[in-house]
Amino acid sequence: MKIIRQITILGSTGSIGESTLDVIARHPDRFQAFALTANNNVEKMLLQCQRFRPRYAVMLDTQSAQQLTEAAKATGLNTEVLSGIESLEKVASHPEVHAVMAAIVGAAGIRPAFAAARAGKLILLANKETLVMAGRIFIDLVKQNNATLLPIDSEHNAIYQSLPHHFNGNLTASGISHILLTASGGPFRCAPLASLEKVTPEQACAHPNWDMGQKISVDSATMMNKGLEVIEAHWLFDAPPEKIRVVIHPQSVIHSMVAYVDGSVIAQLGNPDMRTPIAHAMGYPERIESGVPALDMFKVGHLDFEEPDLKKFPCLELAYQALAAGGNMPAILNAANEVAVESFLNKRMAFTAIPAMIKHVMQTVIQEEITTLDDVLIADELARNKARGWLTKLQ
Ligand code: NAD
Ligand code: MG
């Protein structure tokens, strides 16, 4: 008899959360939603609870939790409603949970991801910000507690699939020369540099190939997403920066590649739909149906590749600099980027001010080593304050 695996989804109302529930719905004999969590979208959470009947629903926001409790009572739902960050940590580390889908957006995802690692869970990691902010500490924690990390980010999942079986964490010993991280180039790949000043949040969020949350959509438009992914790949595969090369591939069909010393390049291909990496990680090592149609090579027709334009997309360069600097710098980069993206989405500054704000914060914060999660959270707060200060002066 197949064991039904209990899954906690951190960020179930988001784009990755919904795709995860779609995969769960296709395999009721394998998976059960144990806990669903969200920030404040009560309406969507109620619908999800009615359909998936989780044991727990956590709303970060207390008032939203109150509303959900009342709605649950009125509709006769058995789901227990909790609130606050401690409750997110509780459902991420609950003894009955087998796997945790870490799909909260941004730095807010770090504490529950740490709780899952401490509890030795199988962590399906979409929240790349955790690795960017606290790569060394998080990877060590995973190892110390026998937790397992499987990448959900499509590029890292593709790399994982293209590595040799039984990869032991050593690229050189496995005959790997480098990693080719593919990037679509985002909605402004062909836009003239001078036009970027005036682009709107709507234009920035209209990704040509992927349907994603707002923050990662803007990150894709600035190419900071690829920068964060370089840092993510560094920690996941113990790859030095010079072995991680970014390749623009506008069709988003090849999700990334691994180049070997004998000249072979192994790639993973598929339609751009996050249900493929989600199903891969959820079913691992088995292959399970994801709902994604087979790739039609005749429709794809051709695959193109270009070098990234660092002048047009300075965020990519800033991420490489933060990785080289180490210590608190990647956490500073991440926090400044979050404030910058939010300020752009709220129409408080131009698209081109995003890299300017991040650069300013990176130049004014003192570089320090970090050894604990608290150090990371302090660096995060410091960078946010600097970024907000810069914005106030700008206006
Ligand atoms: P989203 O904005 O669609 O969803 C975010 C989820 O997090 C929502 O459920 C929201 O309620 C919850 N949330 C937001 N702020 C919170 C807070 N302060 N505390 C607790 N919960 C909070 O985002 P998304 O596009 O699904 O992305 C989620 C993560 O996955 C991000 O780290 C992103 O980089 C990564 N990722 C996403 C995609 C994609 O295709 N969407 C691909 C690769 C990686
Ligand atoms: Mg990605």
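Rules behind the numbers
Residues numbered from 1 in each chain as written. Chains lettered and ligands numbered in written order. Predicted model: local features only at pLDDT ≥ 70, side-chain atom pairs only at ≥ 80, totals over all residues. Heavy atoms only, no water. Helix = DSSP H or I, 4+ residues; strand = E, 2+ residues; numbered from the N terminus. Rg over C-alpha atoms; globule rule 2.2 N^0.38 Å. Buried < 20%, exposed > 50% of the residue type's maximum accessible area, 1.4 Å probe, protein only. Lys, Arg positive; Asp, Glu negative; His and termini not counted. Charge placed at Lys NZ, Arg CZ, Asp CG, Glu CD. Donors = N, O, S within 2.8 Å, 3.2 Å for Na, K, Ca; no water. Pairing = 2+ DSSP bridges. Axes fitted to C-alpha atoms, helices over the stretch in contact; angles between N-to-C directions. Parallel < 35°, antiparallel > 145°, perpendicular 65-115°, else oblique. Contact = heavy atoms within 4.5 Å. Nonpolar A, V, L, I, M, F, W, Y, C, P; charged D, E, K, R; others polar.

S.K.: Whenever I open this one, the overall build of the protein confuses me. Can you help?
M.R.: Secondary structure summary: the protein contains 16 helices and 11 strands in total. Its C-alpha atoms give the protein a radius of gyration of 20 Å, near enough to 21 Å, the size a compact globule of 395 residues would have. Projected onto its principal axes, the C-alpha positions of the protein cover 55 × 55 × 45 Å. Counting across all 395 residues of the protein, residues that qualify as buried make up 55%. When the 34 positive and 40 negative side-chain charges of the protein are each reduced to one mean point, those points stand 2 Å apart.

S.K.: Before we go on, may I ask you to explain the coordination of the magnesium ion (ligand 2) in this structure?
M.R.: Around a metal, the idealised angle for a tetrahedral arrangement of four donor atoms is 109.5 degrees; for an octahedral arrangement of six donor atoms it is 90 or 180 degrees. Listed as protein donors to the magnesium ion (ligand 2) are Asp153 (OD), Glu155 (OE) and Glu229 (OE); their distances from the metal cover 2.1 to 2.2 Å. Spacing between the donor residues of the magnesium ion (ligand 2) along their common chain follows D-x1-E-x73-E. Here Glu229 lies in helix α10 (residues 224-237) and Glu155 lies in helix α7 (residues 154-162), a separation of 74 residues in the sequence. Exposure remark for Glu229: the relative accessible area of 1% places this residue in the buried category.

S.K.: Please clarify how the sheet that holds strand β7 (residues 148-151) should be interpreted in this entry.
M.R.: Sheets are built from strands paired through backbone hydrogen bonds, the pairs being either parallel or antiparallel. An order of β4-β3-β2-β1-β5-β6-β7 is seen for the seven strands of this open sheet, with the pairing classed as parallel. The sheet is open, and its two borders are formed by β4 (80-83) and β7, each paired with just one other strand. Put simply, the sheet's adjacent strands are angled 20° from each other on average, direction ignored. In this sheet, strand β2 (residues 31-38) lies alongside strand β1 (residues 5-10) in parallel orientation, the contact comprising six bridges.

S.K.: Where do I start with the packing of helix α9 (residues 214-222) against α10 in this structure?
M.R.: Geometry of a packed helix pair, given as the angle between the helix axes and the separation of the axes. Where α9 meets α10, the axes come as close as 5 Å, and the angle between the chain directions of the two elements is 95°. As the angle between them shows, α9 and α10 are arranged roughly perpendicular. Listed contacts from α10 to Lys215, Ile216, Asp219, Ser220 and Thr222 of α9 are Met224, Asn225 and Leu228. When its residues are assigned to classes, the contact of α9 with α10 shows three nonpolar, three polar and two charged.

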